[in-house]
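In case you want the letters, here they are:
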Amino acid sequence: MKRYVFLYCFFFYLVFSIQSLYSQYSIRGKITNKGENVLSKVFVFLEPSNVSDYSDINGQFEIRNLSSGTYQLNLNAIGFHKKVVELIINDKSVDITIPLDSLRILYDKDVVIDGGDYFLNPAIHGVTLLSAKTIHVIDLKKTLLNSSNNNARELFKKVPGLNIWENDNSGIQLNIGGRGLNPKRTTNFNTRQNGYDISADALGYPETYYTPPTQSVQRIEVLRGAASLQFGTQFGGMLNFVIKQGPIDQKFQFVTENTYGAFNFVNTFNSIGGTVLKKKLNYYGFYQFKRGDGWRPNANFDVHNGYLKLEFKITDKFTVCAEQTLMQYVAHQPGGLTDLEFMQNPRQSNRNRNWFRVNWNLSALNFEYKFSSMTRLNIRNFALFASRHSLGNLESINRPDYGKERDLIKGNYRNFGSETRLVHRYKFLHRVSALVTGFRIYKGHTQQKQGFANSDSTGTLLDFEFIDAPSGIFKSEYIFPSFNFAAFAENYFAITDKFSLTPGIRYEYIQTAAEGYYQDLVVVSTSSGTDTLKNEAVPEQRSNIRSIFLAGIGLSYKFSDNLEIYGNFSQNYRGINFNDMRISNPNQEVDPDLKDEYGYSADIGFRGSYKGLFNFNTTIFYMGYNRRIGTVFGERPNKDNPGIIERYTIRTNVGNARVLGIEMFIEADLWKLLSRIETPFSFNLFTNLSLLDGRYIETANSYANGNQLEFVAPFILRTGLSFGYKNFKLSYQYSFTSKHYSDATNADWVPNAVVGVIPSYAVMDIAASYQWKWFTLQAGINNLTNEVYFTRRASSYPGPGILPADGLSFYVTLRFDIGVK
């Protein structure tokens with residue numbers, strides 16, 4: 001009897017176990033863009049189980065171990081409307097295909113995502129927190145521009161408030177500044193490639209000599225406002241070039257783009273990419289060569305660019321990515337002009353012996369680990385081994401070049417850095433909030449030497465070697481070591497479905513130093529009892545250690561998925577560059593007592609979108625900038641002959657300043673907006689403008705008090721039209737920048753032309769393209785009306801003096817691509 005009772009109990013236990021086992025169900029889904037393309041990296045959150053996941057490269061996801069009941073599936077993806085799907089599990093698993101509606105129907109057309117795709121995101125993109133930030137994302141998939149020479153005027157045409165220097169006709173170096181900041185080599189942005197630094201020395205010399213070729217870039221992210229908390233102490237914000245990946249649906253793809261343009265410009269860009277090893281290894285690489293003679297004499301250049309990225313998905317949770325970037329170029333520099341020379345003939349050149357050479361070797365190794373769908377760790381390690389050599393005559397441009405020894409400055413950079421970021425999503429007030437935290441370790445080492453090189457009266461000799469210095473003493477010789485440790489935390493609190501709060505804090509430990517000597521004339525007594533002048537090395541050793549805390553906060557209120565008002569406030573800080581202080585430059589002095597700059601920025605913005613056909617973004621900002629470093633022009637008695645009054649310029653802490661401005665962007669597809677039907681035609685209009693007022697509000701310098709800030713153009717307008725029909729595109733752009741100044745004293749004119757007014761200018765560009773199967777033909781004209789203008793006055797290389805912008809030029813590009821699935 002006991003045996004039957006036991007068997008009976010065992011049987012019911014077995015039945016119950018089997019039933020329990022099969023009562024665990026799952027939700028399997030596939031996410032698409034209107035059923036056309038699958039969408040990867042879509043954030044999926046299931047309530048009330050509080051389980052989350054991301055869609056994979058095939059757009060698929062699966063949530064397991066669910067019991068019967070009613071669930072809400074929340075979907076968030078960049079560029080698409082949020083979607084909530086109610087699902088009922090009734091004794092069986094659920095399989096579903098979910099289409100998401102794009103925020104912009106024109107997403108794949110000739111557009112730049114001004115924020116319409118990014119401000120409606122799930123607060124975080126990758127390991128970057130974007131909520132309540134002022135962000136512009138430039139999508140380069142099919143944007144019409146002269147990408148062969150990185151034409152910044154076209155590239156950043158839909159980012160308001162940027163002052164762009166246009167003296168680099170080859171597009172090798174990028175010179176942009178936002179909200180009244182110096183555009184010189186984009187020094188006021190934290191410039192990155194795929195999230196890691198690419199500047200010469202992020203602390204001691206944050207100038208960017210390398211710019212990724214536009215043809216290799218997938219998108220450009222411009223993050224302003226409260227960017228200092230996540231990315232460090234730069235008033236301009238963060239600028240990130242995201243390089244393309246190999247196609248995930250092809251094992252091999254080959255793309256070649258070949259361009260011929262005015263002034264013997266030739267560019268060839270060739271790339272390969274794909275996904276192999278059961279879609280575990282994604283690879284992408286390119287090689288670019290370009291050369292040209294330039295718009296002016298003595299402006300020829302040769303550029304070589306190479307890049308390779310290997311991204312290996314070791315497991316579903318762990319990914320490793322290795323990158324290598326190589327860039328080399330040599331550029332002949334025609335020098336600057338005086339105001340009179342520019343008016344007589346802007347294409348002339350008075351310097352034929354000035355050259356510039358750069359070698360850039362940048363390595364990166366990135367690790368990403370997903371502990372769960374709610375927690376992600378990212379580690380970016382990078383190293384830079386680079387050099388820049390400038391060779392030529394640095395004397396004032398209003399003095400002839402007599403062919404004596406040229407000035408040579410060599411800079412060598414050895415930098416190492418690592419950034420670790422952790423993103424953790426969690427439930428708070430029945431909603432998903434998120435913490436982004438991390439730390440950064442950076443060690444920089446710059447060597448710099450200045451002296452004389454071979455005279456080379458012909459200008460053809462590329463001899464970047466020093467000649468023997470008297471007594472072995474060069475003009476200066478320094479090393480600039482630096483160290484930085486930083487830690488930050490920002491938290492996105494979803495208070496309600498519409499309102500969110502994002503406070504943050506950052507700690508910076510910065511150590512910079514200068515060790516070396518500079519050459520000076522000293523009076524020495526001879527054995528005969530007379531005094532004489534002698535060059536001697538004056539040893540110098542400086543160090544500066546500071547600990548800095550920065551704080552900020554952001555707020556966002558979304559009236560709907562298509563309409564948002566936001567604001568942010570953050571403190572900021574920018575250290576001085578020691579290596580700027582010991583360059584011997586006859587055109588400009590440097591205050592030996594320069595102090596670090598500090599301040600804050602605040603933004604209030606309103607942005608929205610209507611069915612992807614109409615988008616707008618308006619931002620009001622205020623930037624407080626204390627101890628702003630600038631250039632002051634003045635007069636003083638000559639120290640050797642007090643009866644003679646001499647003019648001079650000096651780079652110093654001019655005083656406290658502020659910039660108040662409005663930035664506006666509007667874009668609409670008028671054809672689709674008015675017709676309201678699906679059509680192969682598109683007629684797109686965009687306008688961005690900025691109104692800025694920058695002033696010195698507190699300064700001990702009487703020459704600058706109350707003056708307009710240098711580099712602040714009160715009015716900048718860029719507007720354009722683009723027309724599309726099937727595979728044909730046509731675009732037109734108009735750019736206007738108002739009169740502004742290049743120094744704090746607002747000088748209109750000085751004899752050596754290193755400071756003075758920048759007159760207003762207007763430039764037009766036009767481009768067209770047609771695609772047939774694997775071929776794309778594109779042509780364009782830059783500076784359509786042959787406007788004569790300049791955007792920059794330089795105190796040193798590549799001047800000194802006025803640097804004219806290019807006149808009318810054309811280009812023709814033929815692209816061919818083929819892939820193997």
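For the structure, check the block above.
Here's a quick rundown of the structure.

Definitions and limits used
Residues numbered from 1 in each chain as written. Predicted model: local features only at pLDDT ≥ 70, side-chain atom pairs only at ≥ 80, totals over all residues. Heavy atoms only, no water. Patch = residues over 30% accessible without salt bridge, like charges linked within 9 Å, V, L, I, M, F, W, Y side chains within 5 Å. Areas by Shrake-Rupley, 256 points an atom, 1.4 Å probe, with all protein chains shown as cover. Salt bridge = Lys/Arg side-chain N within 4 Å of Asp/Glu carboxyl O. Helix = DSSP H or I, 4+ residues; strand = E, 2+ residues; numbered from the N terminus. Phe/Tyr/Trp six-rings, centres within 6.5 Å; stacked < 30°, edge-to-face > 60°. Buried < 20%, exposed > 50% of the residue type's maximum accessible area, 1.4 Å probe, protein only. Lys NZ or Arg CZ within 6 Å of the ring centre and 35° of its normal. Pairing = 2+ DSSP bridges. Axes fitted to C-alpha atoms, helices over the stretch in contact; angles between N-to-C directions. Core = buried A, V, L, I, M, F, W, Y, C linked by side-chain atoms within 4.5 Å. Contact = heavy atoms within 4.5 Å.

## A short note on a nonpolar patch on the surface
The grouping of Tyr-260, Val-266, Phe-728, Leu-730, Tyr-770, Trp-772, Trp-774, Phe-775, Leu-777, Phe-810, Val-812 and Leu-814 at the surface amounts to a nonpolar patch, some 1,100 Å² of accessible area in total. Elements that contribute at least two residues to the nonpolar patch include exactly β37 (728-737), β40 (761-772), β41 (775-782) and β44 (809-820). Considering each element in turn, the nonpolar patch owes the most residues, three residues, to β44. Its location among the elements puts Phe-810 in strand β44.

## Concerning the packing of aromatic side chains
Summed over the entire model, instances satisfying the criterion amount to 41 aromatic pairs. Considering the side-chain rings of Tyr-209 and Trp-360, the 5.9 Å spacing of their centres and the 45° angle between planes classify their relative orientation as tilted. Remark: Trp-360 occurs in strand β23 (residues 354-372) and Tyr-209 occurs in the loop between β15 (196-197) and β16 (217-224); sequence separation between them is 151 residues. Looking at Tyr-209, the relative accessible area reads 0%, which means it is buried. Exposure remark for Trp-360: the relative accessible area of 1% places this residue in the buried category. Ring geometry for Phe-715 against Phe-736: centres 6.0 Å apart, planes inclined by 50°, an arrangement best described as tilted. In this pair, Phe-715 sits in strand β36 (residues 715-725) while Phe-736 sits in strand β37, placing the two residues 21 residues apart along the sequence. Phe-736 gets classed as partly exposed once you look at its relative accessible area, which sits at 22%. In this structure an aromatic cluster arises from ring pairing among Tyr-205, Tyr-209, Tyr-329, Phe-356, Trp-360 and Tyr-413. For Lys-370, the ring lying beneath its charged end belongs to Tyr-54, and the centroid distance is 5.3 Å.

## Concerning unusual backbone geometry
In this structure, Pro-798 follows Tyr-797 across a cis peptide bond, with omega equal to 0°. Looking at the secondary structure, you find Pro-798 in the loop between β42 (790-794) and β43 (801-804). For Asn-298, which is not glycine, the phi torsion reads 60° and is therefore positive. For Asn-298, the position within the fold is in the loop between β20 (281-292) and β21 (301-313). Among the residues examined, Asn-298 registers a relative accessible area of 22% and is labelled partly exposed. The phi torsion at Asn-746 lies on the positive side, around 55°, for a residue other than glycine. Tracing the sequence through the fold places Asn-746 in the loop between β38 (740-741) and β39 (757-758).

## Quick look at the sheet that holds strand β7 (residues 83-89)
Read from one edge to the other, the open sheet built from four strands follows the order β4-β3-β6-β7, with strand pairing classed as antiparallel. Strands with a single pairing partner mark the edges of an open sheet, and in this sheet they are β4 (51-54) and β7. Across the sheet, the mean angle from the axis of one strand to that of its neighbour is 20°, orientation sign disregarded. Bridge count for strand β6 (residues 69-76) against β7 is seven bridges, and the pairing is antiparallel.

## A closer look at the nonpolar core
Counting 29 residues, the largest nonpolar core has Tyr-209, Tyr-329, Val-358, Trp-360 and Tyr-413 as its most contacted members. For this core, the elements supplying multiple residues, two or more each, are β21, β22 (318-333), β23, β24 (375-392) and β29 (531-560). For this core, the leading source of residues is β23, giving five residues. Those residues within four positions of Tyr-209 in sequence are excluded, and the remaining contacts are Ile-172, Gln-173, Arg-185, Ala-200, Met-327, Tyr-329, Phe-356, Val-358, Trp-360 and Arg-388. With 22 residues, the next largest nonpolar core counts Phe-156, Val-159, Val-217 and Phe-269 among its residues.

## Considering the pairing of strand β32 (residues 597-610)
The pairing of strand β30 (residues 563-574) with β32 spans 12 bridges and is classified as antiparallel. Following the sheet pairing, Phe-569 is matched in β32 by Ala-602. In terms of strand pairing, β32 meets strand β33 (residues 614-637) through 13 bridges, oriented antiparallel. Looking at β33, one finds that Tyr-610 is bridged to Phe-614.

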